[in-house]
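Examination of the molecular architecture
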Amino acid sequence: MPAITAAWRRLRSADVLIAAGLLLFAFVIRIVGIHGWLPYVGHPDEPKVIDSAIHIVKSGDLNPHLYIWPTLYIYLEAIVVRLHTWWGTLRGYYDGAQSLPDITHIYSLVPGVYMWARALTAIVGAATVAVLYVVGKQIFDGNRRIGVAAALLVAVSPLHVEYSHFAITDVPLGMAGLLVLWASYWLSTTRYNGYASAPRYDPLFWRAALAGLLVGVATGTKYNGLYVGVPVVI
């Protein structure tokens, strides 16, 4: 029994090291390009998200007054903008949140806000690669090679790398969709244990609830995230 426990720990340690290596590799690729075009704004969608986040920080109004996308990622970026503003104010770059411009289209007077906001997307993109390794390995019966291959394909995917350089919703939606896929697989391997009168004791109930919650996260990130609910239904 101790030998089995030790072997299991070694396997878990190896998986942590592999996932950490993939995370670091993907993050380096994504963080390097986040300064691209600044102070000019190259992506047409990015200033809409940033301006809505700035509006929330400056006004305290949680209504972003923008419904091209749902609000989840805008709220996350608002937190990042708030943190950057605190940091910039302490260093003398800003005179509080009210010194931030209302509009940053075409040319931004606050490139630091964009750098921090883009860094969040880069982190989410890198985390997606690491999570994909875990998901791929688990779905294919613990085959590490399949997990690594899947993770590396996304890590060096030109489109995924490019979109990880912007404060937009596409990469976060990819992460949410991957988590839904993982929850769907987890749900499909769960058997109903007969606690029909007490669903709180039934793992099938809780795993289905988790899958549904993650579909909500995906939909709250981008409206077409609702479609990732299809695997859950299947």
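Residue positions are counted from 1 within each chain, in the order its sequence is given. Only residues with pLDDT of at least 70 get local features here, since the model is predicted, and only at 80 or more are side-chain atom pairs given and counted; chain-wide, interface and lining totals rely on the full set of residues. As a rule here, side-chain values come from all non-hydrogen atoms in the structure, and water together with hydrogens is ignored.

Within the chain one finds nine helices and zero strands. When the elements of the chain are put in sequence order from the N terminus, they spell out α-α-α-α-α-α-α-α-α. Projecting the C-alpha coordinates of the chain onto the three principal axes gives extents of approximately 60 × 40 × 30 Å. The 234 residues of the chain split such that 40% are buried. Only heavy atoms enter the contact rule, under which two residues are in contact if any of them lie within 4.5 Å. Considering only intrachain contacts with a sequence separation of at least 6, the fraction spanning at least 24 residues in the chain is 69%. Side-chain charges of the chain comprise 16 positive and 12 negative groups, with the mean position of each set lying 15 Å from the other. Where helices and strands are cited, they refer to DSSP runs of H or I of at least four residues and of E of at least two residues respectively, numbered from the N terminus. Any residue under 20% of the maximum accessible area for its type is buried, any over 50% is exposed, and the rest in between are partly exposed; the area is computed with a 1.4 Å probe on protein chains only. For this count, His and the chain ends are skipped, Lys and Arg are scored as positive, and Asp and Glu as negative. The atom standing in for a charge is NZ when the residue is Lys, CZ when it is Arg, CG when it is Asp and CD when it is Glu.

Further remarks concern helix α3 (residues 72–90). Working rule for helices: expected span equals 1.5 Å times residues minus one. When the terminal C-alpha atoms of α3 are compared, their 28 Å separation across 19 residues agrees well with the 27 Å that a helix rising 1.5 Å per residue should span. Buried within α3 we find Tyr73, Ile74, Glu77, Ala78, Val80, Val81, His84, Thr85 and Gly88. The arc that holds every buried residue of α3, seen down its axis, measures 165°, which confines them to one face. Relative to its buried face, α3 has exposed residues pointing more than 90 degrees away, namely Trp86 and Leu90. Looking one or two residues past α3, glycine 92 carries a phi angle of roughly 85°, positive in sign. This arc is taken over the directions from the axis of the helix to the C-beta atoms.

This part takes up the packing of aromatic side chains. Put simply, two rings from Phe, Tyr or Trp (the six-membered ring, in Trp's case) pair if the centres are within 6.5 Å, and we call them stacked under 30 degrees between planes, edge-to-face over 60, tilted for the rest. Tallied over the entire structure, the rule returns five aromatic pairs. A ring pair is formed by tryptophan 37 and phenylalanine 166, whose centres lie 5.8 Å apart and whose planes are at 15°; its orientation type is stacked. Of this pair, tryptophan 37 sits in the loop between α1 (2–31) and α2 (46–59) while phenylalanine 166 is found in the loop between α6 (158–163) and α7 (170–188), placing the two residues 129 residues apart along the sequence. Linked through ring pairs, Trp87, Tyr93 and Trp116 together constitute an aromatic cluster.

This next bit is on the packing of α2 against helix α4 (residues 111–139). Axes here refer to lines fitted to C-alpha atoms; in helices the fit is confined to the stretch in contact. Angles between the N-to-C directions go from 0 to 180 degrees. The geometry of α2 relative to α4 is characterised by a closest axis approach of 11 Å and an angle of 105° between their N-to-C directions. One way to sum up the angle between α2 and α4 is to call them roughly perpendicular. Residues Glu46, Pro47 and Ile50 of α2 form the contact with α4, whose own contacting residues are Val113, Tyr114, Ala117 and Arg118. Throughout, the ten residues Ala, Val, Leu, Ile, Met, Phe, Trp, Tyr, Cys and Pro are labelled nonpolar, Asp, Glu, Lys and Arg are labelled charged, and all others, Gly among them, are labelled polar. Across the contact of α2 with α4, the residue classes tally to five nonpolar, no polar and two charged. Roughly parallel here means an angle under 35 degrees, roughly antiparallel means over 145, roughly perpendicular means 65 to 115, and every remaining angle is called oblique.

All we've got here are geometric facts, nothing functional implied.
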